[in-house]
Amino acid sequence: CISGSKKHIKKVLEMGFYVGVDGNVTYSTEVQILVKETPLNKLLLETDSPWLTPEPLRSLKCRGLRNTPSNVKIVAEFVAKLKNTSINQIAEKTTKNAERLFKI
């Protein structure tokens, strides 16, 4: 999943890699900055289940709530706000990116 500096992300993108975004985008300023720096055609969404539970569910984890793949919608909604676009646009672009990456 995404972490590091703007310089690191720039190098990753220059090498042609995709960038995975997890639930930590909802609470990490560092990750939010990196997502803003990453073009939509290089973003992938993931949950890293059972870890990196997105907010607001992260606060409930102490009650036994674990991260699940269904929480990718929360990640998509948050990324849409960061990128100033619709969740439909994020879903469409990241799905196409996954299809290209995994040749499906």
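A brief look at the structure comes next. Remember, it's a predicted structure, so these values are computed and weren't measured experimentally.

So, the overall build of the chain
- Secondary structure assignment for the chain yields four helices and two strands.
- When the helices and strands of the chain are placed in sequence order, the string is α-β-α-β-α-α.
- The C-alpha atoms of the chain give a radius of gyration of 13 Å, which matches the 13 Å a tight globule of 104 residues would have.
- Across its three principal axes, the chain shows a C-alpha extent of roughly 40 × 30 × 25 Å.
- By residue count, 34% of the 104 residues in the chain fall in the buried class.
- In the chain, once contacts between residues fewer than 6 apart in sequence are set aside, the share between residues at least 24 apart is 61%.
- If you sum the accessible surface of the chain, you get close to 6,400 Å²; carbon and sulfur atoms cover 55% of it.

Topic: the packing of helix H2 (residues 29-37) against helix H3 (residues 72-82)
- Contact geometry of H2 with H3 gives a least axis separation of 10 Å together with a crossing angle of 65 degrees. Relative to H3, the element H2 is oriented roughly perpendicular. For H2 against H3, the interelement crossing comes out right-handed. Facing H2, whose interface residues are Gln32, Val35 and Lys36, H3 presents Phe78, Val79 and Leu82.

Observations concerning the nonpolar core
- Counting residues in each nonpolar core, the largest one holds 17 residues, and the members touching the most others are Ile2, Val21, Val25, Val35, Leu43 and Val79.
- At the level of secondary structure, the elements contributing two or more residues to this core comprise helix H1 (6-14), strand E1 (19-21), H2 and H3.
- It is H3 that provides the largest number of residues to this core, a total of five residues.
- Residues in contact with Leu43, not counting those within four places in the same chain, are Val19, Val21, Val35, Thr38, Val79, Lys83, Thr94 and Asn97.

Definitions and limits used
- Residues numbered from 1 in each chain as written.
- Predicted model: local features only at pLDDT ≥ 70, side-chain atom pairs only at ≥ 80, totals over all residues.
- Heavy atoms only, no water.
- Helix = DSSP H or I, 4+ residues; strand = E, 2+ residues; numbered from the N terminus.
- Rg over C-alpha atoms; globule rule 2.2 N^0.38 Å.
- Buried < 20%, exposed > 50% of the residue type's maximum accessible area, 1.4 Å probe, protein only.
- Contact = heavy atoms within 4.5 Å.
- Areas by Shrake-Rupley, 256 points an atom, 1.4 Å probe, with all protein chains shown as cover.
- Axes fitted to C-alpha atoms, helices over the stretch in contact; angles between N-to-C directions.
- Parallel < 35°, antiparallel > 145°, perpendicular 65-115°, else oblique.
- Left-handed = near helix turned anticlockwise from the far one by under 90°.
- Core = buried A, V, L, I, M, F, W, Y, C linked by side-chain atoms within 4.5 Å.

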